[in-house]
Protein chains: 2
Amino acid sequence: MTTSWLESAQDSPFGLHNLPYGVFSTADQPGRRRIGVAVGDFVLDAGAAARAVGEPSVLLDADTLNPLLAAGRPTWTAVRAALTAWLGDSSYRAAVSPHLHPVGEVTLHLPFEVADYVDFYASEHHATNLGKIFRPGTEPLTPNWKHLPIGYHGRAGTIVVSGTDVVRPNGQRKAPSEPLPSYGPSRRLDIEAEVAFVVGAGSELGKPVALADFREHVFGVCLLNDWSARDIQAWEYVPLGPFLGKSFASSLSPWVVPLDALEHARVSPPPREFELLPYLDDRDGEPWGLDLTLTVRLNGHVISRPPFASMYWTAAQQLAHLTANGASLRPGDLYASGTISGPEVESRGALIELTWNGENPVKLPDGTSRSYLEDGDTVTITATAPGPDGALISFGEVTGRIVP
Amino acid sequence: MTTSWLESAQDSPFGLHNLPYGVFSTADQPGRRRIGVAVGDFVLDAGAAARAVGEPSVLLDADTLNPLLAAGRPTWTAVRAALTAWLGDSSYRAAVSPHLHPVGEVTLHLPFEVADYVDFYASEHHATNLGKIFRPGTEPLTPNWKHLPIGYHGRAGTIVVSGTDVVRPNGQRKAPSEPLPSYGPSRRLDIEAEVAFVVGAGSELGKPVALADFREHVFGVCLLNDWSARDIQAWEYVPLGPFLGKSFASSLSPWVVPLDALEHARVSPPPREFELLPYLDDRDGEPWGLDLTLTVRLNGHVISRPPFASMYWTAAQQLAHLTANGASLRPGDLYASGTISGPEVESRGALIELTWNGENPVKLPDGTSRSYLEDGDTVTITATAPGPDGALISFGEVTGRIVP
């Protein structure tokens, strides 16, 4: 593992083994968005650094990551190697260091323009819990659940960067006990702690992407909070699935951790109950389970630690399924895991599960408790993964505050 | 109604009362996409015409309609008035006529870059028929159906222009009688005849769009064939809705008919069974039912004439619902009506209804019959609407051929 000449990058979860990409601006030029790379306590202006070392790149001199995403795996590998050299080899120090901005002094933006957004439903514990809550008296997992990764399309245009306030959505809802629906602010506003995968290289319409080609198409990984209005969702979602209960906002973390940084985080997914169809069968390949641990804080208080390694379906299986019908990919497609919930109460990634639909409110240190989110509440999700030589990889955070 | 100096535009459903927008290229410059307006038997190169008459416009000198879409209602009105003058006032003839291309000699492209795509489910007859087929023994319409326009997000990246071949999708499916799912080409490939609405001006996150503001946001109207693999859909869609059964392709007509052209087509929607919540209640305004008649042809043979005027929910109600939770709009958002089916068998807009899930195959003049689509089949949907003074408005066509 290469060491950086930048002191704050040494022993940092934002060391050279991580180097996530984002888009930032500075206070003196607020309208000028630039590609940045997080390293130690700094953000490297990647385009300026490339020019300074004499390796100018149109891919790094952009206001979104989309051109870099579209460039494909060989380019991603080359760019990562160049960044590692610039920050690891002290001969570059004089040229590169003027382009480091303290992370606290920059504004972070949505790192890329989202093309299509898909949300999966890959946690067995989450799907079981929601089945019990939404469809009591029936088998909680639908018969298809262990044969294919269930997913649906969400709204790409309302994905917002971490830190954006979330307006409590209005909507139509009807409790079973009410004779007619009403319209007003959601009374059951919830979170969903998820991991999201960023598609780089596109694919051709009509050509499925095989499990083994996952790495050629997926550029990196973010955190996502898929805010959910449970009352709106419960009334609308039969028969065509979630719509307005989700589409008001989803918050995305500003840093895209390169897939290359996660080799040490790979683990086997849980044993599968049924033999999978060949296009989903990853027993003979290198499965893409990932040992990320998320932490969910409500107003600073830890309420859950969802374990991503427990997910039944991997991101590679999700991509193979998403394209199994020939659907094409575009640079900037984003697909999320679905809520991550482990087997224990304190590892559940949504309030509806943590509080069992409000029956057991979460107690906060200030003496209050929550069934669902209140106006003014701030939810922050962070995550780490194992890196090389015992190092940690940080995913930064995705945070958002509820406003009326 | 203004008459054109262009002979083929007189008494044409592509007369000055229509003037739909598209994007075309010519054989001598296949890589150069330009905005075109259909008039009579010709396509007017709108940017070149604007320059020729001394009114150059960056909005018309573009390779997609997106900049024009984003410009908003006052600009749309001004551009339409200018086009009407150029093609109606013979003093413009010498300048404009060199920029008319015979429609048979141009290639038509996807007219705009699709941002988010939403599909509704607004036909009571279609929803009732599908409820009976997919959920026999239960109430065919779900309890929410007459209180809100049910919808879901689809895949924007696989919307293709009319004329694009559609590859029969592979997918996972399991009939109730089969013990395990299998993967392979869909055996129940279907059509859905729909009308689609093109959003022009965007909206702010957190601010719903009222019924009365429909005209400020919606630019125009297209035809859409939402190809559907019923076997894939039936196995996957519980609990999160349609996904791979739809996402392999949706075909869009190349001409966007301006909303301004449809004033004479406005009709009242059917009587509503329940009083609607205020954000959906259009009794006191000017409802946006539209009297379009679609014709569906399979290999040239008419199999259905779906009546759009029978839709329970209007496009204005759909837009108000889509944004009721504060979801923002972007230029290029597209939302479709869902399959249009009238009360009679011969007005149903999908084969699953026409053949009642294959029980009563459609007979074709060549002596063959169809339960679902076969490889090589071509499906073409056309539509007309009433215009001023007894004239007709044509929507052109959306066509596609199934290939293995």
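Bear in mind that the values here come from a model prediction, so they are computed numbers and not experimental data.

The rules we used
- Residues numbered from 1 in each chain as written.
- Chains lettered and ligands numbered in written order.
- Predicted model: local features only at pLDDT ≥ 70, side-chain atom pairs only at ≥ 80, totals over all residues.
- Heavy atoms only, no water.
- Helix = DSSP H or I, 4+ residues; strand = E, 2+ residues; numbered from the N terminus.
- Rg over C-alpha atoms; globule rule 2.2 N^0.38 Å.
- Buried < 20%, exposed > 50% of the residue type's maximum accessible area, 1.4 Å probe, protein only.
- Contact = heavy atoms within 4.5 Å.
- Areas by Shrake-Rupley, 256 points an atom, 1.4 Å probe, with all protein chains shown as cover.
- Lys, Arg positive; Asp, Glu negative; His and termini not counted.
- Charge placed at Lys NZ, Arg CZ, Asp CG, Glu CD.
- Salt bridge = Lys/Arg side-chain N within 4 Å of Asp/Glu carboxyl O.
- Polar contact = N/O pair within 3.5 Å; in protein donor to acceptor, adjacent residues only side chain to side chain.
- Domains from an automatic or database assignment.
- Buried area = accessible area lost by both parts, 1.4 Å probe.
- Least-squares fit on C-alpha atoms with pLDDT ≥ 70 in both.
- UniProt positions renumbered as here; feature names shortened; annotations may be inferred.
- Pairing = 2+ DSSP bridges.
- Axes fitted to C-alpha atoms, helices over the stretch in contact; angles between N-to-C directions.

**Here's the deal with the overall build of chain A**
- Along its length, chain A carries nine helices and 26 strands.
- Relative to its length of 404 residues, chain A is compact, with a C-alpha radius of gyration of 21 Å against a globular reference of 22 Å.
- Based on the C-alpha atoms only, the size of chain A along its principal axes is roughly 70 × 50 × 35 Å.
- Buried residues in chain A amount to 62% of all 404 residues.
- For chain A, the proportion of contacts with a sequence separation of at least 24, taken over those separated by at least 6, is 73%.
- Carbon and sulfur atoms make up 52% of the accessible area of chain A, which amounts to about 14100 Å² in all.
- For chain A, the distance from the average position of its 30 positive side-chain charges to the average position of its 46 negative side-chain charges is 5 Å.

**A look at the interface of chain B and chain A**
- Contact with chain B, which involves 54 residues of that partner, is made by 54 residues of chain A.
- The tally of links between chain B and chain A comes to two salt bridges.
- Linking Arg155 of chain A and Asp333 of chain B is a salt bridge whose minimum nitrogen-to-oxygen distance equals 2.8 Å.
- On the surface where chain B and chain A come into contact, there are 24 residue pairs in polar contact (both at pLDDT 80 or more).

**Here we look at the domain arrangement of chain A**
Residue and element names in this part refer to chain A.
- Parsing chain A into structural domains produces domain 1 (7–109) and domain 2 (117–403).
- Its C-alpha centre places domain 1 at a distance of 28 Å from the equivalent point of domain 2.
- With 25 residues of domain 1 at the interface, the matching set in domain 2 holds 27 residues.
- Taken together, the two surfaces of domain 1 and domain 2 that pack against each other cover about 2000 Å², and 70% of this comes from carbon and sulfur.
- The interface formed by domain 1 and domain 2 includes one salt bridge.
- Measuring nitrogen to oxygen at the nearest pair gives 3.1 Å for the salt bridge that ties Arg73 to Asp260.
- Seen at the junction of domain 1 and domain 2, the total is eight residue pairs in polar contact (both at pLDDT 80 or more).
- Elements with a contribution of two residues or more to the side of domain 1 that touches domain 2: β1 (21–26), β2 (29–39), α2 (66–71), α3 (73–88) and β5 (106–109).

**Details of the side chain of Thr323 of chain B**
All names here are of chain B.
- Mapped onto the fold, Thr323 is located in the loop between α8 (315–322) and β22 (334–336).
- At 3.0 Å, the side chain of Thr323 and the backbone oxygen of Leu319 are in polar contact.
- Those residues in contact with Thr323, other than ones at most four positions away along the chain, are Pro208, Val209 and Leu329.

**Digging into the relation of the copies chain B and chain A**
- Once turned by 180° and shifted 0.0 Å along the axis, chain B lies on chain A with an RMSD of 0.0 Å. Taken together, these values place the two copies in the relation of a two-fold axis. Nearest to the rotation axis, the C-alpha of Gly241 of chain B is located 2.1 Å from it, this being the minimum over chain B.

**A word on the UniProt feature "binding site: Ca(2+)" (unreviewed entry) in chain A**
Residues and elements named next belong to chain A.
- UniProt tags Asp119, Glu192, Glu194 and Asp226 as "binding site: Ca(2+)" (unreviewed entry). Spanning 108 residues, the annotated positions come together in the fold, the maximum distance between their C-alpha atoms being 11.0 Å.
- For Asp119, the location among the structural elements is in strand β6 (residues 117–120).
- The exposure class assigned to Asp119 is buried, which follows from its relative accessible area of 1%.

**A look at the sheet that holds strand β3 (residues 42–45) of chain A**
Residue and element names in this part refer to chain A.
- Reading across from one edge, β4-β3-β2-β1-β5 is the order of the five strands in this open sheet, with antiparallel pairing throughout. With one partner strand each, in any of the chains shown, β4 (100–102) and β5 form the two edges of the open sheet. Here the average twist between neighbouring strands, direction ignored, is 45°.
- Docked against the sheet, α3 engages β1, β2, β3 and β4, running at close to 55° with respect to β1.

**Some points on the sheet that holds strand β1 (residues 21–26) of chain B**
Residues and elements named next belong to chain B.
- A sheet is described by the order of its strands in space; here five strands give the open sequence β4-β3-β2-β1-β5, paired in antiparallel fashion. Taken across any chain shown, the strands that pair with only one partner, and hence form the sheet edges, are β4 (100–102) and β5 (106–109). Between one strand and the next, the sheet's axes are offset by a mean angle of 45°, whatever the strand orientation.
- Summarising the sheet, strand β3 (residues 42–45) and β4 pair through three bridges and their orientation is antiparallel. Each bridged residue has a counterpart across the sheet, and for Leu44 the counterpart in β4 is Leu100.
- The strands touched by helix α3 (residues 73–88) are β1, β2 (29–39), β3 and β4; relative to β1, the strand with the most contacts, the crossing angle is about 55°.

**Here's the deal with the UniProt feature "binding site: substrate" (unreviewed entry) in chain A**
- Here, UniProt's "binding site: substrate" (unreviewed entry) annotation points to Tyr121, Arg135, Gln233, Tyr237 and Thr339 of chain A.
- By the element assignment, Arg135 of chain A lies in the loop between α5 (124–134) and β7 (151–154).
- Beyond its immediate sequence surroundings of up to four residues, Arg135 of chain A is in contact with Tyr121, Leu130, Pro140, Thr142 and Tyr237 of chain A together with Pro239 of chain B.
- Tracing the sequence through the fold places Thr339 of chain A in the loop between β22 (334–336) and α9 (351–354).
- With residues near it in sequence (within four places) discarded, Thr339 of chain A still touches Ser123, His126, Glu192, Ala193, Glu194, Met311, Gly349, Ala350 and Glu353 of chain A.

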